[in-house]
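Each chain is listed here by its residues.
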Amino acid sequence: MKPHMSYLQKHPNITRSRVSNFVNDNYQWKDVNIQAVLYDVKASGEPHVQLKVWSAPGQERPTFEHAVKQEFRPAKVGQMFGPSWTTHWFQVHVSIPAQFFGKPVQFLFDSSSEAMVWSAEGEPIIGLTGGNGGERHVDYALTACATANEPERMFYVEIACNGLFGNGDYHEHPQDRDIYYRLNSAELAAPNPDAWALYHDMEVIVDMAKELPQDSPRSWQALTAANDIVNIFEHADPTSINKARSVSDAFFAVTSNPASHQVYAIGNCHIDTAWLWPFAETRRKTARSWSTQLNLMDSFEEYRFTASQAQQFEWLKEDYPSLFKRIQDKAKTGQFVPIGGTWVEMDCNIPSGESLARQFLLGQRFYKQHFGQTCDVFWLPDTFGYSSQLPQIVRLAGAKYFFTQKLSWNNINKFPNTTFWWTGLDGSSVLTHMAPSETYSAQCRPGELINGVKKHKDVAYSNESLYLFGNGDGGGGPLRSMLKRLRRMANVDGLPRVKQSHPREFYEHVEKTARELVAWKGELYFELHRGTYTSQSNNKLWNRQSEFLLRDAELLCTVASFGSKDSEFEYPAEELTRLWKLVCLNQFHDVVPGSAINMVYRDSDKMYKDIISSANRIRKEALANVCRSVAGTDLTSSQGLTVVNTTGWMRSDIVAIPAFTYANIFSDTSPVQIRASDSAVLVPVTNVAGFGLHSVSAETCLVHAPKHPVHVLKTDKDTYLLENRFVSVTFNASGHIISFYDKTEGR
């Protein structure tokens, strides 16, 4: 049969529509376009695929060792599994039939949710993402070439009843509602490598025809090549595939100009440590996402993938030790790039300077211990603004480069630079780059590269840029198809040149070649996400309390450790480190700002309770030891009370003393002020030196006669007056302020 020929139409949009329909997975054309030949053969159901399932109770996330010991029941495609946040383990037996002989074989498992494939021996193999979104990845490779007598295989699939972005549209529904997920497929398939290669060719060529300037020669060349391929292809003629590929080969043979823009590409999957899912699910997301990337590294030698957040690596080390070992091995080859230098990708507005320093201390220490080196690139693509003290902390932590892209989302003032020096309050500077593609989740499409050059605000001074690709936020990472497209776009006329590399290579090249980069001094303010100083106020309160408590605890423990030669006090380094890790974890940029789901804050509340309880205990023990070894007295005695000022400046303040302690120390029966919440007696203590101790006794403490008394009285007009020597404030019966008079200012 003679192939149908169609020439370029007078209106090129008609031809663009035609070639787009050739690759699209739509119901109108999928039986005759390239989609029709992507798989040579498929097989499902028994005896080829046998499924059994065990459903974990409640929201438990059992280990492999526990799950495989349970009783499995028969399961089949079409069943629904749930509700949200539950876990279901499938035992899978597959027998590859004879018609697959000589072909690569995949197992396609679509649970409409996230999943992990495990070997029968308990090794995590690869993560899967079901559904029909752009993140879809449901294939697990069984063999590169099936033999005539393939053995039966048995493995497990652990499904989590949630998607990459939680459960449903978070703008419309709470994430703890009950959703059930359908098992859409569990089948064997033999992909046609030549057909897939043509498909990836066309993805790039069609997009170039669409995204390049419509009047440019290269756009017309792309459109002509794509149209010729459609003319040659016949779904019923397998030989037409390679004939069509000869056209695409000729198109890609025209290489890019050596002076064109250079793109440094790096894969990533930016897993939010908590957001639309709880911390416990993140521990599994890292395993699913990173196991997939390790498999891709075996197939693509040029592939470079980066992951930040030492906390996630530590979780992986605890939960999936063999997977962590594989990552360490790939890190040595340079394919897996640990990056960032911090414990988590933290918020930079709420945490104290000490907390920001601890983020680097904990992160860099972990990377040095487990990967043999610290990070020189501070990696924070997705947080809600950047404090002006960060450049100084970054440099002191041993890093000198900074990457983000978040400011490109500003909804009022677009940030004016792409590559620049960011200068902090003390004059420290870090070389900074914001990906001009304006995303950390690029999909390896020509349009992204083309627009990235257009949006590069400093291309006159630096003709290169970073390009982060891979599905992110909820994990997943780059897909095989992305890497296939990236190979085709590496050096082709019409696009910038692309190379995969460690981000450090990009920064070092910029340092050597860039001219006259500008400097930005001070805060990098983000103009989109609002309410980060106010949302989830309890979480913010406990964060600050934890910071203060740990600061006091560490100071007092240090003094207690060195205060006396006879002291037997042992510095609780391990416990303090554990508590700081929890504080830093909860400073993640979707937790302390208040943008996570309620489930996250239920977990966070428990962590803060743990932090505050343990830090209080440590502080109390250290304080008692300081009083004994330094002051030569107990914290409380019959002679009085010892007050310690842990700040560096002189303080006068109100001290709360438990009622029974007060009664033992102070025999005076004059009226005192009592705190309603716990009946503690409030005692004024004055002029305690910074880092000093002060003894308070009945004789020295002016309990009954404060210098500046407060008067409270009810006026004739049903209002209330609260007055001291500084101000006079009048309230109405509802507690609203109706008058505020400043006595010092006289108004």
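A quick note: this is a predicted structure, and the numbers were derived from the prediction, not measured. (Residues numbered from 1 in each chain as written. Predicted model: local features only at pLDDT ≥ 70, side-chain atom pairs only at ≥ 80, totals over all residues. Heavy atoms only, no water.)

1. Quick notes on the overall build of the protein chain
Right, on to step 1. Of regular secondary structure, the protein chain possesses 17 helices and 32 strands.
Right, on to step 2. Overall, the protein chain is about 110 × 65 × 65 Å in size when its C-alpha atoms are taken along their principal axes.
Right, on to step 3. Counting every position in the protein chain, which comprises 747 residues, the buried fraction comes to 52%.
Right, on to step 4. In the protein chain, 74% of the contacts between residues at least 6 apart in sequence involve partners at least 24 apart. (Helix = DSSP H or I, 4+ residues; strand = E, 2+ residues; numbered from the N terminus. Buried < 20%, exposed > 50% of the residue type's maximum accessible area, 1.4 Å probe, protein only. Contact = heavy atoms within 4.5 Å.)

2. Here's the deal with the nonpolar core
One broad rule of soluble globular proteins: the nonpolar side chains tend to lie buried together.
Right, on to step 1. Judged by nonpolar contacts, the single largest core of 138 residues is most densely connected at Ile 34, Met 202, Trp 290, Phe 313 and Phe 469.
Right, on to step 2. The element contributing the most residues to this core is helix H16 (residues 598-631), with 13 residues.
Right, on to step 3. Phe 313 has contacts with Trp 290, Ala 307, Ser 308, Phe 324, Ile 327, Phe 336, Pro 338, Phe 366, Tyr 367 and Phe 371, leaving out every residue within four places of it along the chain. (Core = buried A, V, L, I, M, F, W, Y, C linked by side-chain atoms within 4.5 Å.)

3. Some details on the pairing of strand S2 (residues 49-55)
Right, on to step 1. The pairing of S2 with strand S5 (residues 87-94) spans 7 bridges and is antiparallel. Bridge pairing in S5 places Trp 54 opposite Trp 89.
Right, on to step 2. Across 2 bridges, the pairing between S2 and strand S3 (residues 73-74) is antiparallel. Opposite Val 53, over in S3, you have Arg 73 as the bridge partner. (Pairing = 2+ DSSP bridges.)

4. Notes on the sheet that holds strand S7 (residues 114-119)
Right, on to step 1. Read from one edge of the open sheet, 6 strands run S3-S2-S5-S10-S7-S8, paired in antiparallel fashion. Strands at the two margins of the open sheet, each flanked by one partner only, are S3 and strand S8 (124-129).
Right, on to step 2. Both S5 and strand S10 (residues 153-160) contribute to a ladder of 8 bridges, which runs antiparallel. From the neighbouring strand, Val 92 faces S10, where its bridge partner is Phe 155.
Right, on to step 3. Helix H6 (residues 279-299) rests against S5, S7, S8 and S10 of the sheet, and its axis sits at about 105° to S8. (Axes fitted to C-alpha atoms, helices over the stretch in contact; angles between N-to-C directions.)

5. Here we look at empty space enclosed by the protein
Right, on to step 1. Under the counting rule described, the total for this entry stands at 4 cavities of 30 Å³ or more.
Right, on to step 2. Of the volumes computed, that of the largest cavity is approximately 100 Å³.
Right, on to step 3. Lining the largest cavity we find 13 residues, and of these Ser 408, Asn 417, Met 434, Glu 438 and Lys 457 sit closest to its centre.
Right, on to step 4. Looking at the lining of the largest cavity residue by residue, the classes come out as 5 nonpolar, 4 polar and 4 charged. (1 Å grid on protein atoms, 1.4 Å probe; cavity = no way out; pocket = protein on both sides within 12 Å on 5 of 7 lines; lining within 4 Å. Points joined across faces, edges and corners; volume = space filled by probe spheres on them. Nonpolar A, V, L, I, M, F, W, Y, C, P; charged D, E, K, R; others polar.)

6. Thoughts on the pattern of salt bridges
Right, on to step 1. Following the criterion strictly, the structure yields 39 salt bridges and no others.
Right, on to step 2. A salt bridge links Glu 203 to Arg 445, with the shortest nitrogen-to-oxygen separation between them at 3.3 Å. Within this pair, whereas Glu 203 is found in helix H3 (residues 193-211), its partner Arg 445 is found in the loop between strand S19 (429-434) and helix H11 (446-454), the two being separated by 242 residues in sequence.
Right, on to step 3. Glu 203 sits in the buried class, given a relative accessible area of 8%.
Right, on to step 4. For Arg 445, a relative accessible area of 31% translates into the label partly exposed. (Salt bridge = Lys/Arg side-chain N within 4 Å of Asp/Glu carboxyl O.)

7. Details of the sheet that holds S19
Right, on to step 1. Taken together, the 5 strands give an open sheet; going across it, the order is S16-S17-S19-S18-S22, and neighbouring strands pair in mixed fashion. Either end of the sheet is taken by a strand with one partner, and the two such strands are strand S16 (377-379) and strand S22 (519-521). When the angles between neighbouring strand axes are averaged without regard to direction, this sheet yields 30°.
Right, on to step 2. Inspection of the sheet shows S16 paired to strand S17 (residues 401-404) by 3 bridges, in the parallel sense. Looking at the pairing, Val 377 lines up with Tyr 401 of S17.
Right, on to step 3. Across the sheet, helix H13 (residues 503-513) is in contact with S16, S17, strand S18 (419-423) and S19; its angle to S17 comes to roughly 115°.

8. Some remarks on the packing of H3 against helix H4 (residues 217-232)
Right, on to step 1. Remark: H3 packs on H4, axes separated minimally by 8 Å, with the N-to-C direction vectors making an angle of 145°. The chirality of how H3 crosses H4 is left-handed. Every residue of H4 that contacts H3 at Leu 198, Met 202, Ile 205, Val 206, Met 208 and Ala 209 is listed here: Arg 218, Ser 219, Ala 222, Leu 223, Ala 225, Ala 226, Ile 229 and Val 230. (Left-handed = near helix turned anticlockwise from the far one by under 90°.)

9. Notes on unusual backbone geometry
Excluding glycine, most residues fall at negative phi; most peptide bonds, likewise, are trans.
Right, on to step 1. Omega for the peptide link from Glu 46 to Pro 47 comes to 10°, which places this bond in the cis form.
Right, on to step 2. The topology assignment puts Pro 47 in the loop between strand S1 (39-44) and S2.
Right, on to step 3. The backbone of Trp 85 shows a phi angle near 70°, a positive value even though the residue is not glycine.
Right, on to step 4. By the element assignment, Trp 85 lies in the loop between strand S4 (80-81) and S5.
Right, on to step 5. In this model, Cys 444 sits at a positive phi of 60°, which is unusual for a non-glycine residue.
Right, on to step 6. Locating Cys 444 in the fold gives a position in the loop between S19 and H11.

10. Points about helix H5 (residues 239-252)
Right, on to step 1. The terminal C-alpha atoms of H5, which comprises 14 residues, lie 21 Å apart, in line with the 20 Å expected from a rise of 1.5 Å per residue.
Right, on to step 2. Residues Ser 240, Ile 241, Ala 244, Arg 245, Val 247, Ser 248, Phe 251 and Phe 252 constitute the buried set of H5. Angularly, the buried residues of H5 cover 150° about the axis, an arc narrow enough to put them on a single face.
Right, on to step 3. Contacts from the buried residues of H5 go to H3, H4 and helix H12 (480-489). (Expected span 1.5 Å × (residues − 1). Arc of directions from axis to C-beta.)

11. Digging into the environment of Leu 198
Right, on to step 1. By the element assignment, Leu 198 lies in helix H3.
Right, on to step 2. Note: C-alpha distance between Leu 198 and Arg 245 (47 residues apart in sequence) is 6.0 Å.
Right, on to step 3. If sequence neighbours within four positions are ignored, Leu 198 has contacts with Ile 34, Ile 229, Phe 233, Ile 241, Ala 244 and Arg 245.

12. Considering the packing of helix H9 (residues 353-371) against helix H15 (residues 573-585)
Right, on to step 1. The contact between H9 and H15 brings their axes to 10 Å, and the two run at 110°. Here H9 lies roughly perpendicular to H15, going by the angle between them. Note that H9 runs across H15; the crossing there is left-handed. Of H15, the residues touching H9 (which contributes Glu 354, Ser 355, Arg 358, Gln 359, Leu 362 and Arg 365) are Thr 577, Trp 580, Lys 581 and Cys 584. (Parallel < 35°, antiparallel > 145°, perpendicular 65-115°, else oblique.)

13. So, the environment of Val 729
Right, on to step 1. Relative to the helices and strands, Val 729 is located in strand S31 (residues 727-731).
Right, on to step 2. Owing to a relative accessible area of 7%, Val 729 belongs among the buried residues under this scheme.
Right, on to step 3. Residues Val 729 and Phe 526, spaced 203 residues apart in sequence, show a C-alpha to C-alpha distance of 38 Å.
Right, on to step 4. If near-sequence neighbours (up to four positions away) are discounted, Val 729 is found in contact with Tyr 720, Leu 721, Leu 722, Ile 737, Ser 739 and Phe 740.

14. Digging into the packing of aromatic side chains
Right, on to step 1. This model, assessed by the stated rule, comprises 42 aromatic pairs.
Right, on to step 2. Where Trp 290 meets Phe 336, the ring centres are 5.9 Å apart and the plane angle is 80°; that geometry is what we call edge-to-face. Pair noted here: Trp 290 is in helix H6 and Phe 336 is in strand S15 (residues 336-338), with a separation of 46 residues, a long-range link.
Right, on to step 3. Between the aromatic rings of Phe 402 and Trp 422, the centroid separation amounts to 5.3 Å while the plane-to-plane angle is 35°, which identifies the pairing as tilted. You can see Phe 402 sitting in strand S17 and its partner Trp 422 sitting in strand S18, a full 20 residues away along the chain.
Right, on to step 4. In textbook terms, an aromatic cluster arises when at least three aromatic residues are bridged by ring pairs, as seen for Trp 290, Tyr 303, Phe 305, Phe 313, Phe 324, Phe 336, Trp 343, Phe 366, Tyr 367, Phe 371, Tyr 467 and Phe 469.
Right, on to step 5. For the cation-ring pair, Arg 218 lies above Phe 251, with the distance from its terminal atom to the ring centre recorded as 3.8 Å. (Phe/Tyr/Trp six-rings, centres within 6.5 Å; stacked < 30°, edge-to-face > 60°. Lys NZ or Arg CZ within 6 Å of the ring centre and 35° of its normal.)

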